[in-house]
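Tertiary structure, described
Next come the chains, spelled out residue by residue.
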Amino acid sequence: MAQNVYQFIDVKRIDPPKRSHSERTIEFVEIYQPMTHTQVEGQADRCLDCGNPYCEWKCPVHNYIPQWLKLANEGKIIEAAELAHKTNSLPEVCGRVCPQDRLCEGACTLNEGFGAVTIGSIEKYITDKAFEMGWRPDLSAVVKTERRVAVIGAGPAGLACADVLVRNGVTPVVFDRYPEIGGLLTFGIPPFKLEKSVLSLRREIFTDMGIEFRLNTNVGVDVSFDSLLSEYDAVFLALGTYTPMKGGLTNEDAPGVYEALPFLIGNINNLMGWQTEHPYVSLKDKTVVVLGGGDTAMDCVRTSIRQGATKVSCAYRRDEANMPGSRKEVQNAREEGVEFLFNLQPLGIEVNSAGQVCGVKVVTTEMGAPDAKGRRSPQPVPGSEQVLPADAVVIAFGFQPSPPQWLVDMGVELDNKGRVIASEKSTFAMQTNEHKIFAGGDMVLGSDLVVTAIAQGRKAAEGILDYLEV
Ligand code: FAD
Ligand code: SF4
């Protein structure tokens, strides 16, 4: 690849510049600024092209990373974007929100003392730049068939499935109950990680490619699942997971205690002037405690800071090494003024005489033996209880699957956690026990990642194409 294979010694890893602290603590705009073309060329040139690209294997969509880094280094942005789209339906989104430190960049050979190649930032640059230059996916050679597939859910899994279908001549019709596409990318992830204009542009591009969107359409309410099943050649389910996990805390429903996702959606709606069922909650001038340690908790603490909360703490029951969220986002939250309180397990919400939240009762924990997933489980230390003062508490304990009744009635098989059973290894990838019904994303995996939802959506499209013999 590079003339000088030891380029990585002279050229250090650099991340894109971040906005100033003063901007970041008030503005709901992406904190990373674009890299310059020269920076991208230099950073891409750090790739060793090591012959056994662990980065590619660790990336859930198996992007051709070394190849598009080479193209970026040579200034061939359009070619790089073409190649990036061969494996990924939303590279500009993944470049922004993937936890690269746990995926591609975590597997980069240069991690051994030199700093991984900035793969995510370059993926974002390539795609943004190609769009800016007017590049659009070219489907002129696609031979259109008469086949039509209903995709339920316009989140990353549904969009990825639709993308692969339309590129193979099958018309996807995507249904979503919300007024915009994106699922949690739009109604969940805050704009300081992913600006909403990124998805509006994608909607335009997908529409021009021939994907039909039926938004503001709640399947099971506005249109019956049965009618979709009989009208279309196959159905792809990508409904996500939306039932919040409860902590079993005393006074969990007291005024001043908020569920994470409605809080985040209410804030986004307020910024965008959109209407959904979630009202806007302002935590201005409040002492806020966020409970949880995943990506959702990080989004809540950083939203609270921007809303003007007086003090924001994140209380998590394990230690920092066992946090599930992206390291990058923990660092960003710290820089913005969030206080992290590790090894504190919440026991209950404290309320004042008016019934209003005034604190969180917690107990200190020690890390015990690793569980089945290798994460060490927290053990409460007797007698270590204390109350953290708070006048607002946000609960971010994660989500569990919420399969709708029509799905259950249809006889689609679920596992004991309520996840739809569908496998990449089936004869037709991601097919459920009902032959015309395929499924993917969070509703199969449980709450996971954008890129794993994309990977499953794309696999499901391959399964559907095989099933339809296209
Ligand atoms: P979703 O994105 O949930 O999309 C499902 C769609 O189905 C929704 O649009 C919903 O409206 C629609 N739907 C549901 N039921 C119906 C119905 N009956 N009729 C019509 N439409 C319906 N992952 C990362 O990789 N990086 C991050 O930084 C990150 N941050 C996150 C922050 C938050 C706050 C949350 C909650 C999650 C985050 N995740 C992150 C996880 C990631 O967003 C999800 O794993 C991913 O969006 C799952 O994609 P999906 O397509 O399966 O489901
Ligand atoms: Fe890395 Fe995610 Fe891009 Fe794959 S999709 S290369 S994991 S940023």
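Keep in mind that this is a model prediction, so the values were computed, not measured. (Residues numbered from 1 in each chain as written. Chains lettered and ligands numbered in written order. Predicted model: local features only at pLDDT ≥ 70, side-chain atom pairs only at ≥ 80, totals over all residues.)

1. Details of the domain arrangement of the protein chain
Where we set the bar: An automatic or database domain assignment supplies the start and end points of every domain. Classification used: nonpolar for Ala, Val, Leu, Ile, Met, Phe, Trp, Tyr, Cys and Pro, charged for Asp, Glu, Lys and Arg, polar for all others including Gly.
By the assigned domains, the protein chain splits into domain 1 (7-132), domain 2 (148-241 + 401-467) and domain 3 (243-398). Classifying every residue of the side of domain 1 that touches domain 2 gives eleven nonpolar, two polar and three charged.

2. Things to note about the sheet that holds strand 6 (residues 257-259)
Sheets are built from strands paired through backbone hydrogen bonds, the pairs being either parallel or antiparallel. Quick reminder of the rule: In this analysis, strands are considered paired if DSSP registers two or more bridges between them. Under the DSSP-based scheme used, a helix requires at least four consecutive residues in state H or I and a strand at least two consecutive residues in state E, with every element numbered from the N terminus. Axis angles are defined between N-to-C directions and span 0 to 180 degrees, where every axis is a line fitted to C-alpha atoms and, for a helix, only to the segment in contact. Residue pairs are scored as contacts if the distance between their C-beta atoms, which are placed from the backbone, is within 7 Å.
Ordered in space as 6-14-7-8-9, the five strands form an open sheet in which the pairing is parallel. Each edge of the sheet is formed by a strand with only one pairing partner; in this case those strands are strand 6 and strand 9 (339-341). Strand-to-strand twist across the sheet, computed as the mean angle between neighbouring axes with direction ignored, equals 25 degrees. Bridge count for strand 8 (residues 311-315) against strand 9 is three bridges, and the pairing is parallel. Looking across to strand 9, one finds that Ala315 is bridged to Leu341. Running at roughly 170 degrees to strand 8, helix 13 (residues 295-307) makes contact with strand 7 (287-291), strand 8 and strand 14 (392-395) of the sheet.

3. Examining the nonpolar core
Going by this rule: Any nonpolar core is a set of buried residues, restricted to Ala, Val, Leu, Ile, Met, Phe, Trp, Tyr and Cys, that join up through C-beta atoms within 7 Å. In this scheme every C-beta is placed from the backbone, and a residue whose C-beta has 20 or more other C-beta atoms within 10 Å is buried, one with 12 or fewer is exposed, and one in between is partly exposed.
One finds Phe236, Val393 and Val394 to be the most contacted residues of the largest nonpolar core, which totals 123 residues. With nine residues, the top contributor of residues to this core is helix 17 (residues 450-467). The residues contacting Val394, other than those within four sequence positions of it, are Tyr258, Ala260, Phe263, Val288, Val290 and Cys300.

4. A word on the environment of Leu184
Within the secondary structure, Leu184 is located in the loop between strand 2 (171-175) and helix 10 (196-209). Those residues in contact with Leu184 that lie beyond four places of it in its chain are Gly155, Ile189 and Gly240.

5. Focus: the sheet that holds strand 4 (residues 234-237)
With parallel pairing, the five strands of this open sheet are ordered in space as 3-2-1-4-16. In this open sheet, the two strands that pair with only one neighbour each are strand 3 (212-214) and strand 16 (437-439). In this sheet, neighbouring strand axes are inclined to one another by 25 degrees on average, regardless of whether the strands run parallel or antiparallel. Here strand 1 (residues 148-152) runs beside strand 4; their pairing, made up of four bridges, is parallel. Counterpart to Ala150 in the pairing with strand 4 is Val235. Together, strand 1, strand 4 and strand 16 form the strand contacts of helix 17, whose direction differs from that of strand 4 by roughly 165 degrees.

6. Here's the deal with unusual backbone geometry
Even without a glycine there, the phi angle at Asn216 is positive, about 55 degrees. Counting through the fold element by element, Asn216 comes out in the loop between strand 3 and helix 11 (225-231). Look at Asn216 and you get exposed, because 12 C-beta atoms sit within 10 Å. One non-glycine residue, Glu469, adopts positive backbone phi at about 55 degrees. For Glu469, the position within the fold is in the segment after helix 17.

7. Overview of the pairing of strand 7
Applicable threshold: We call a crossover right-handed when, viewed with both strands directed away from the observer, the connection leading from the first strand over the helix to the second proceeds clockwise.
Of all the five residues making up strand 7, four are buried; the element is thus mostly covered by neighbouring parts of the structure. With five bridges connecting them, strand 7 and strand 8 associate as parallel partners. What sits directly across from Val288, in strand 8, is Val312. What joins strand 7 to strand 8 is helix 13, and the crossover it makes is right-handed. Sheet topology places strand 7 next to strand 14; four bridges connect them, and they run parallel. The residue bridging Val290 from the neighbouring strand is Val394, located in strand 14.

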